[in-house]
Structures are given as structure tokens and as C-alpha cells.
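# Summary of the model geometry
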Amino acid sequence: YQRRVHGNFTSFSETLMPEALVAVIGSVLTVLSDVVQGEGGTIDKYIGDCIMAFWNAPAPDPDHAAHACRAATDCLMTLERMNPEWELLDYPHIGVKIGINTGPCFVGNLGSRDRFNYTAAGDTVNLASRLEGANKQFGTACLVSDSVRDAAGDQFLFRHVDTVVVKGREAATPIYELAVGSIDREAVDLLNQARAHYERAEFYRALAVLQELKAKDVQAQRLVKLCSACIASPPGPTWTAAVSLESK
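Thresholds, definitions, all that
Residues numbered from 1 in each chain as written. Predicted model: local features only at pLDDT ≥ 70, side-chain atom pairs only at ≥ 80, totals over all residues. Heavy atoms only, no water. Pairing = 2+ DSSP bridges. Helix = DSSP H or I, 4+ residues; strand = E, 2+ residues; numbered from the N terminus. Buried < 20%, exposed > 50% of the residue type's maximum accessible area, 1.4 Å probe, protein only. Axes fitted to C-alpha atoms, helices over the stretch in contact; angles between N-to-C directions. Parallel < 35°, antiparallel > 145°, perpendicular 65-115°, else oblique. Left-handed = near helix turned anticlockwise from the far one by under 90°. Contact = heavy atoms within 4.5 Å. Nonpolar A, V, L, I, M, F, W, Y, C, P; charged D, E, K, R; others polar. Phe/Tyr/Trp six-rings, centres within 6.5 Å; stacked < 30°, edge-to-face > 60°. Salt bridge = Lys/Arg side-chain N within 4 Å of Asp/Glu carboxyl O. pLDDT = per-residue confidence, 0-100.

### Looking at the pairing of strand E5 (residues 106-111)
Of the pairings in the sheet, the one linking E5 to strand E6 (residues 116-121) comprises 6 bridges and is antiparallel in character. Bridge pairing links Phe 106 to Ala 121 in E6. The hairpin turn running from E5 into E6, its antiparallel successor, is 4 residues long.

### Notes on the pairing of strand E3 (residues 50-54)
The two faces of the sheet receive side chains in turn, since in a regular strand these alternate between them. Burial within E3 is extensive, with 5 of its 5 residues counted as buried. Taking every second residue as pointing to the same face, both faces of E3 are buried, with Cys 50, Met 52 and Phe 54 on one and Ile 51 and Ala 53 on the other. Connecting strand E2 (residues 42-47) to the next strand, E3, in antiparallel fashion are 2 residues, including Gly 48 with a positive phi near 65°.

### With respect to the packing of helix H6 (residues 185-199) against helix H8 (residues 218-232)
Across the interface, H6 lies against H8 with an axial gap of 11 Å and an inter-helix angle of 20°. The angle between H6 and H8 places the two elements in the roughly parallel class. Here H6 runs over H8; the crossing is left-handed. Mapping the contact onto sequence places Leu 191, Ala 194, Arg 195 and Tyr 198 in H6 and Gln 219, Ala 220, Arg 222, Leu 223, Leu 226, Cys 227 and Cys 230 in H8. Taken together, the residues that form the contact of H6 with H8 break down as 8 nonpolar, 1 polar and 2 charged.

### Thoughts on the packing of aromatic side chains
Under the criterion given, the structure shown has 6 aromatic pairs. Between Phe 54 and Tyr 118, the aromatic rings sit 5.9 Å apart at their centres with planes inclined by 55°, giving tilted as the arrangement. With Phe 54 in strand E3 and Tyr 118 in strand E6, this pair connects stretches of sequence that are 64 residues apart. For Phe 54, a relative accessible area of 0% puts it in the buried group. Looking at Tyr 118, the relative accessible area reads 33%, which means it is partly exposed. Each ring, one from Tyr 198 and one from Trp 239, has its centre 5.3 Å from the other, and the planes form 90°; the classification is edge-to-face. Remark: Trp 239 occurs in the loop between H8 and strand E10 (243-244) and Tyr 198 occurs in helix H6; sequence separation between them is 41 residues. Classification of Tyr 198 as buried rests on a relative accessible area of 5%.

### A short note on the pattern of salt bridges
Inspection of every chain in the model, using the stated rule, returns 11 salt bridges. Note that Arg 70 and Glu 39 form a salt bridge whose closest N and O atoms lie 3.6 Å from each other. Separated by 31 residues along the polypeptide, Arg 70 in helix H3 (residues 64-88) and Glu 39 in the loop between helix H2 (18-38) and E2 bring together distant segments of the chain. On the accessibility criterion, Glu 39 (17% relative accessible area) is buried. Between Asp 44 and Lys 45 there is a salt bridge, and its shortest N-O distance comes to 2.9 Å. Residue Asp 44 is classed as buried on the basis of its relative accessible area of 12%. Connected via shared salt-bridge partners are Asp 162, Arg 195, Glu 199 and Arg 222.

### Examining the environment of Gly 153
For Gly 153, the location among the structural elements is in the loop between helix H5 (146-152) and strand E8 (158-165). Residues Gly 153 and Ala 229 lie 76 residues apart in sequence; the distance between their C-alpha atoms is 34 Å.

### A few points about the confidence of the model for the protein
Scored by pLDDT, the protein has a mean of 90; 93% of the residues are at 70 or more. No element of the protein has a lower mean pLDDT than strand E1 (residues 2-6), which averages 50, and none a higher one than H5, which averages 97.

### Digging into unusual backbone geometry
At the junction of Ala 57 and Pro 58, the peptide bond is cis and its omega measures out at 5° in the coordinates. On the secondary structure map, Pro 58 appears in the loop between E3 and H3. One non-glycine residue, Asn 56, lies in the positive phi region at around 75°. By the element assignment, Asn 56 lies in the loop between E3 and H3. Even without being glycine, Ala 201 reaches a positive phi, approximately 65°. With respect to the secondary-structure elements, Ala 201 resides in the loop between H6 and helix H7 (203-210). With relative accessibility at 38%, the residue Ala 201 sits in the partly exposed group.

See below:
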């Protein structure tokens, strides 16, 4: 099980001396790491301004999917609370992108004979990393796989964002946004209903449902454009709703 978080430090780093940049990144990573560990996560490693973490190892955790989703939610809420304080210190506005997946993977010591790390590796981990990068493509903060949605249960709200084809994987993967903040259950249900119509090539029905959502909703606007494009240029009988994932 893997989870990845990063802040938008790239442009900000150009204005700081290395020592100051390390201090800023360190303070942000400390806050986020406390959240992850508070939900029972194991910090695997830090990759620049990224955190890689997993659940369900070394100790078993039957509710690992829920704990990871709760950590993701808490990270997003914590940043919303902390950003005004950090801005007083001339920090940039800190945002995160999170990818969560669950499934079989290798967990243990990996490396050379003389130097190794306790880590997680495998296709499950790779997909979590792809999901983290895909947030930019879909305008989301936290994307999870269908296996996470199924395992986490009804205590969280998940919006069906798309079905993607990941390079190196044969099967298409439904991906979901972990809904946080002002998004309510009705909005989630409406978007999921519209998405289901779209995937069945019922484009007019999807648009009818989308009219009930707020116009400023990013995912609703994206789905409106997809439906409108299909109505303007009807797809053939082999059409599929799955799209290629741009991130690597």
C-alpha cells in the first residue's frame, strides 16, 4: 500500500538559498508526516518534496485503506489551516497531490548486499505513483483506485473521475477523487450518475444530470465537454470511455 504527497516548491526554490529551502520543506514535511504516522502509516522515504508511505506493514492493519484515506483528508485539511500561518512567514501557498492504491506488493528490505531499505515495491506501488501524477491532468488533489474505494467503505465520498489506461497494464482502471471540503453527498452522487451515463454512451442523459451540478464544479465541466464532443461527433461502435494516463 502506497501513498505519495508533494508540495509545489519548484518555482519557490528559485528565490531561496538552499539552506532556507530545506528549512521550508522540512517544516511542511514534518506536519504532513505527523498526520500520516498518526493514522498508522509507515514512512518509506522522502523524495525531494514528496512523501512515500504505506499501510498494513510491518504490522497488519485490516482498515489500511480507510486509514490512508483519512490521512489524505487530514493532510488536505491541515494544509488549509496552516497556509495562512505559513504565508505570514513568506512561504508560498502549499498544495499537495496524493495518489492511493491498494493491492499485493513486495514489502521488505530491498537493495544491495551492503546497503538496503525497508520499502514497498511492485505494480501496486507504481499505480499509486501514477495516480499522484495524474492529479494535474484531472484537476484533483487526491486520486484513488477502485480497489481503494471498495476497501475504504461508505465513510468517505468518492467521485468517479475517469477510467484510465496505464502504460504497461492491460486492464483499464476506474479512478476516483477522494472528496474533501464543501463537496456534499448529493454532488458526489450526481457526478457518479452522470459518469455512468457517459460510459454507457448515454451522452444526453449525462448532460441532463450534470445540469443539476454547480457550474463551477471542475469535474462536471470536464464531463460536459466530453459529452458535448461525443454528441457533436458521435463515436463508433468500438468506442470506450477509457483514456490514456498522461503521467508516468
